[in-house]
Amino acid sequence: MTVYSVTQMRFTDRATYDRYQSKFMGVFSKFDGAVVAADESPKVLEGEWPFEKAVILSFPSEEAFFTFATSPEYQEISKDRVTATVSTAILVKGIGS
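These numbers were taken from a predicted model, which means no experiment stands behind them.

**Q** Kindly report on the packing of aromatic side chains, identifying the contributing residues and their values.
**A** Scanning all chains against the criterion turns up 15 aromatic pairs. Between the aromatic rings of Tyr-20 and Phe-24, the centroid separation amounts to 5.8 Å while the plane-to-plane angle is 55°, which identifies the pairing as tilted. Here the residue Tyr-20 and the residue Phe-24 both occupy positions in helix α1 (residues 14-28), the gap between them amounting to four residues, near one helical turn. With centroids separated by 5.2 Å and ring planes inclined at 90°, the aromatic side chains of Phe-28 and Phe-68 adopt a geometry described as edge-to-face.

**Q** Provide a residue-level description of the layout of surface pockets, including the pertinent values.
**A** Put simply, the largest pocket is a space of about 400 Å³. The set of elements that each furnish at least two residues to the lining of the largest pocket consists of β1 (3-11), α1, β2 (34-39), β3 (53-59), α2 (62-69), α3 (72-84) and β4 (85-93). Here the lining of the largest pocket is composed, by residue class, of 15 nonpolar, five polar and two charged.

**Q** How would you sum up the pairing of β1? Please name residues and give values.
**A** Alternating residues of β1 divide into Val-3, Ser-5, Thr-7, Met-9 and Phe-11, all buried, and Tyr-4, Val-6, Gln-8 and Arg-10, none buried. Sheet topology note: the β1/β3 ladder contains seven bridges and is antiparallel. The partner of Tyr-4 across the bridge, within β3, is Ser-58. When β1 meets β4, the two strands line up antiparallel, connected through nine bridges.

**Q** Requested: an account of the sheet that holds β3, with residues and values cited.
**A** The four strands lie next to each other as β2-β3-β1-β4, forming an open sheet whose pairing is antiparallel. In the strand order of this sheet, the two ends are held by β2 and β4, each with one partner. Pairs of neighbouring strands in the sheet enclose a mean axial angle of 15°, with direction left out of account. Its contacts with the sheet put α3 on β1 and β4, and the angle it makes with β4 is roughly 115°.

**Q** Break down the nonpolar core for me, citing the residues and quoting the values.
**A** If you look at the biggest cluster of nonpolar residues, it comprises 19 residues, and the most contacted ones within it are Phe-24, Leu-57, Phe-59, Phe-68 and Tyr-74. Elements that contribute at least two residues to this core include exactly β1, α1, β3, α2 and α3. For this core, the element with the highest residue contribution is α1, accounting for five residues. In this structure, Phe-24 is in contact with Val-35, Leu-57, Phe-68, Tyr-74 and Ile-77, ignoring residues within four places of it in sequence.

What counts and what doesn't
Residues numbered from 1 in each chain as written. Predicted model: local features only at pLDDT ≥ 70, side-chain atom pairs only at ≥ 80, totals over all residues. Heavy atoms only, no water. Phe/Tyr/Trp six-rings, centres within 6.5 Å; stacked < 30°, edge-to-face > 60°. Helix = DSSP H or I, 4+ residues; strand = E, 2+ residues; numbered from the N terminus. 1 Å grid on protein atoms, 1.4 Å probe; cavity = no way out; pocket = protein on both sides within 12 Å on 5 of 7 lines; lining within 4 Å. Points joined across faces, edges and corners; volume = space filled by probe spheres on them. Nonpolar A, V, L, I, M, F, W, Y, C, P; charged D, E, K, R; others polar. Buried < 20%, exposed > 50% of the residue type's maximum accessible area, 1.4 Å probe, protein only. Pairing = 2+ DSSP bridges. Axes fitted to C-alpha atoms, helices over the stretch in contact; angles between N-to-C directions. Contact = heavy atoms within 4.5 Å. Core = buried A, V, L, I, M, F, W, Y, C linked by side-chain atoms within 4.5 Å.

Spelled out as structure tokens, the structure:
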């Protein structure tokens, strides 16, 4: 079943985040996922949204997501994302996948 990783971020250290972002695709491309959306100016349609960026990634299964997320390569670069942002991340199951 397809799953989607949805992350919302507010930057606290842009230079450190940019370092993470510059390495992300080089690591991500080694795994079985796709970038569905990445937007630093999404339109808020309802409610309060205290973030600056939204990212949606898709994976063919939870196992594929966790293979990526727990890989040594991603763990190494994600230190910069964790340091440089206040984030909320969720994993959502697709419908009819």
